[in-house]
Structures are given as C-alpha cells and as structure tokens.
Amino acid sequence: MLDRIVQGEVPRKHHLAFRDAEGRLLHEEAYTRAGFDGPYALLYHRNRPHAVHAAQARNGFPLPQPAPARALLKRHYRTQDLAARGGPPVDARRPLLFNADVVVGLVTPTSEDPVYFANGDGDDLYFVAEGGGLLRSPMGDLRFGQHDYVYVPRGLLHRFVPDAGPQRWLSLELPGGMHLPAQWRNETGQLRMDAPYSHRDFRRVELKGPVDEGLRDLVVKRAGAFHGFRYDASPLDVVGWDGALYPFAFPILNFQPRAGLVHLPPTWHGTFAARGALVCSFVPRVTDFHPEAVPCPYPHASVDVDEILFYVRGEFTSRRGVGPGSISHHPAGTMHGPHPGAYEASIGTRSTNELAVMLDCYLPLQPTAIALGIEDPGYQESFVG
C-alpha cells in the first residue's frame, strides 16, 4: 500500500464496459482489502478470472505446530545450520516461531514453482538473505535480489522463479495484514519528507502484458489447509490494472537510519507494521554522537513484547556467538541486553556495520520442533560472563 499506480490499459472510469482492440469485452476483477473499504486494485482480464475447476491440491509447506512448553529463557536459533529443504518455494518454507499474528519461517528453494499459489491466510513478507529471482503474478513481474524485502499481498495468485544458486529467505506470514507505519505518512497518505524511506526507494511490479506459461494449476492456502484449483486458460491474462494494492520490493539498504546525541529506541528503525508486530531494519550507520554516549543498546526489560533479531551480516557488537542466519529470541518477561563487555566497549565508537531484521511481537512466540533442532543450548548462560 504505497501509492496508486497504473499499468497497461484501463478504461476511463471504474466498472464501465471495456473492450480490447478486437471488440471482446474484458472482465474487471476487484481485488480489495477490508471488504470494500480498504486499498484495492482493479484488474482487466481477457478471461473470466473466477472460472476455475476444483482439483487435487499438493500438500504445500509444513504448518506451524507448537513444541512442548519450555522454561522462560533467552534463545538463539542457528538457521545457518538448517539444511535446505529444497524444491519449489511453495513447498520449501519451514516454520520456526509463531503466534496468532505472525509465522516466522525460513525458505530454501532449489527450483521454481510449478503451480500458482495464493495465500488466503495472510500477507507474506520475505527478506532475501541469499539469492534472488522473479515474482510473477497477473499484475506483472517483480525482480528481487539479495537483501531485498519482498511483499506479496494476501490472496494474490503468484509464483516464484528463483535464480540459479543458493537461496535463503526469511519469511513472515502476517494474518492481520501488513502496512507502512502510520508515523511515516502525512495526512494525505504520502510518505513524509522526514520518513526513513521515500516512494522512490520501492521497486514496484511491472505488467508485461498477457502471458501464458502453460501452467493451469492453482494452490490456495486458507484456514491452515491447502486447496487445489485448475484453469482452462492462463490466469496471467491481464491487459491493464490500476490501484494501490500490489506486490513490491524494498532493498533494506535503502532504509535511511537515524542517529542522535544518545541511543534511539528500536521504533526509529520501524520499516513495516502489522497487527501485533513491528518489523525493524538495522543497517550500517553512524552511532550516537554525544561525547559520553553509550552506543550499545542498554539493558531493558521486555515486559510487553517478544523480540527476535535475524542477523544478516556485519559485526554484531552487542552479541557473542551469533552470525549470519542466527535468530535471537528474547521473550517478554525477561531482562535482556548486550553480552558482557559489549556495553563498555561501545563507548567512543563512531559507526556500526551490522545488517539485521528485527521483529517485535505483542503475543508470545512459540517455537516449532524445527526451531528446537537448531537451538544453541548455551545462549542463556552467555549473558552471565
């Protein structure tokens, strides 16, 4: 939900008869949020977009199941030790942590999707730690690369075509939807001039015209189950569309970090917001410039939120034993902060080169058995000395 754009050919007014050059009536699809009260897009199809047959569904990716209850401790999960599941993205996602507002997972595909997929349970936000590729939908193509966020709105038919080479994507499934934080917009919805990004920083989907890839099968995820459908003709038959609901990519290094005299709270790094959650981007930046500032994050009690941090690259000065692919999980109800020595050592530093994605959640995050299989058992005690 960035802004309204127009791709291809559209009629001069909503809901009018619209015909192609041969005189055939095109079919208008209303792709909406919040019923008909939220952001929307109108797509113009050559064929009836809702004419599909019921078909056998593939199983899809594993759904999150809670592991047995555990003690309230700080946790560290090493996703870099998780062997690639492989296969197409529609199958290659594995859940690690979850609550009612978000499912955090890892996607390690080795091939392109052989079917189209639509997630009817939530928006999907990916962070591409390694790899890149193409997202294809009726709205067009979206190229993405390493260190991009990729947003796929709920219910959009699409498939991924990964590039050759290793792929590791952090995935966030967001049942309550995703949006840009309200504090970064002015009263007309435009991104403010003092926001940490501008409209120019986002890469939008581009319509290539009607496309027929020869694929006809669609998998829809709804209510935690996978359902199969089949088209008679290509669903990528859109000649034009306009609206404010569409996929986009955002390179994390386009985020404009802030610095102050003293340490700023994580909300200044807020990039995307969701029901019960905030996604923050930590990018290379100058540190606090008061002569007596302590740039390292201060110890704090997480009494309201669970906090996870996905480490991408750089020197993580507040932590020991973490590396690219690590996920730290500091649950609500516990005190957490830097590892021993990091607080003192940060005094006098002028910059940091860390790259990481943080997620703050109001509801407790539960681990899956997959997460327990890659847990660092010594992480809690590493804060003692």
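This structure is a prediction, so every number in the text was calculated from the model and none was measured.

Residues F248 and F250 of strand β20 (residues 248–251) are buried on one face, and the alternating residues A249 and P251, pointing to the opposite face, are buried as well. One ladder, built from four bridges, connects strand β12 (residues 148–152) with β20; its direction is antiparallel. By the bridge assignment, D148 is partnered in β20 with P251. Relative to β20, strand β16 (residues 203–204) runs antiparallel, the two being bridged by two bridges. Opposite R204, over in β20, you have F248 as the bridge partner.

Okay, the UniProt feature "active site" (unreviewed entry) in the chain next. The sites that carry the UniProt feature "active site" (unreviewed entry) are, in the present numbering, H263. Looking at where H263 falls in the secondary structure, it is placed in the loop between β20 and β21 (270–274). Apart from residues no more than four positions distant in its own chain, H263 is found in contact with D288, V294, P295, C296, P297 and Y298.

On to the pattern of salt bridges. Throughout the structure, instances matching the rule amount to 25 salt bridges. R136 serves as the salt-bridge partner of E213, at 2.7 Å between the closest nitrogen and oxygen. With a gap of 77 residues between them, E213 in the loop between β16 and β17 (217–222) and R136 in strand β10 (residues 133–137) connect regions that are remote in the sequence. We classify E213 as partly exposed; its relative accessible area is 23%. Salt-bridge contacts for E206 lead to K208; the nearest nitrogen and oxygen are separated by 3.6 Å. Relative accessible area serves as the criterion here: at 44%, E206 is assigned to the partly exposed category. Three or more residues are tied together by salt bridges with common partners; here these are E112, R136, D141, R159 and E213.

On to the domain arrangement of the chain. How big an interface is tends to be expressed through the accessible area that disappears when the partners come together. Domain boundaries in the chain define domain 1 (53–68 + 81–236 + 246–252) and domain 2 (256–381). Distance from the C-alpha centre of domain 1 to the C-alpha centre of domain 2: 25 Å. Taken together, the contact pairs 42 residues of domain 1 with 38 residues of domain 2. At the boundary of domain 1 with domain 2, total buried surface from both sides reaches about 3400 Å², with 68% on carbon and sulfur atoms. Its largest share of buried area at the contact with domain 2, domain 1 owes to L96, L97 and D101, together 18% of the area lost on that side. Note that D101 and R275 form a salt bridge whose closest N and O atoms lie 2.6 Å from each other. Taken together, the links from domain 1 to domain 2 amount to 13 residue pairs in polar contact (both at pLDDT 80 or more). In terms of residue count, strand β6 (residues 93–98) provides more of the side of domain 1 that touches domain 2 than any other element does, five residues in total.

A few words on the packing of aromatic side chains. The description of an aromatic ring pair uses the distance of the two centres, along with the angle that the planes make with each other. What the rule picks out here adds up to 22 aromatic pairs. Taking the centre distance of 5.1 Å and the plane angle of 80° together, the rings of Y149 and F272 count as edge-to-face. Here Y149, found in strand β12, pairs with F272, found in strand β21; they are 123 residues apart in sequence, far enough to count as distant. For the pair shown, Y149 and F272 are each scored as buried.

In this section: the nonpolar core. One finds L125, F127, Y149, F202, W241, F272 and L359 to be the most contacted residues of the largest nonpolar core, which totals 68 residues. With five residues, strand β9 (residues 123–130) is the largest single contributor of residues to this core. In terms of domain composition, this core takes at least three residues from each of domain 1 (53–68 + 81–236 + 246–252) and domain 2 (256–381). Setting aside its immediate chain neighbours within four residues, F272 contacts L125, Y149, M178, H179, L180, P181, F202, F248, F250, L278 and V279. Membership of the second largest hydrophobic core comes to nine residues, among which are A273, F282, L309 and M358.

Turning our eyes to something else, we now look at the environment of W241. If you trace the backbone, W241 turns up in strand β19 (residues 238–243). Given a relative accessible area of 0%, W241 falls into the buried group. A C-alpha to C-alpha distance of 9.9 Å links W241 and G140, two positions 101 residues apart in sequence. For W241, the side chain forms a polar contact with the main-chain oxygen of M139, separated by 3.0 Å.

Secondary-structure assignment places D141 in strand β11 (residues 140–144). Polar contacts involving the side chain of D141 include one to the side chain of R136, which spans 2.8 Å. When residues no more than four places from it in sequence are discounted, the contact partners of D141 are L134, L135, R136, V205, E206 and K208.

With respect to the helices and strands, the residue D360 is situated in strand β29 (residues 355–361). Apart from the residues within four sequence positions on either side, D360 is in contact with G276, A277, L278, V305, D306 and E307.

Rules behind the numbers
Residues numbered from 1 in each chain as written. Predicted model: local features only at pLDDT ≥ 70, side-chain atom pairs only at ≥ 80, totals over all residues. Heavy atoms only, no water. Buried < 20%, exposed > 50% of the residue type's maximum accessible area, 1.4 Å probe, protein only. Helix = DSSP H or I, 4+ residues; strand = E, 2+ residues; numbered from the N terminus. Pairing = 2+ DSSP bridges. UniProt positions renumbered as here; feature names shortened; annotations may be inferred. Contact = heavy atoms within 4.5 Å. Salt bridge = Lys/Arg side-chain N within 4 Å of Asp/Glu carboxyl O. Domains from an automatic or database assignment. Buried area = accessible area lost by both parts, 1.4 Å probe. Polar contact = N/O pair within 3.5 Å; in protein donor to acceptor, adjacent residues only side chain to side chain. Phe/Tyr/Trp six-rings, centres within 6.5 Å; stacked < 30°, edge-to-face > 60°. Core = buried A, V, L, I, M, F, W, Y, C linked by side-chain atoms within 4.5 Å.

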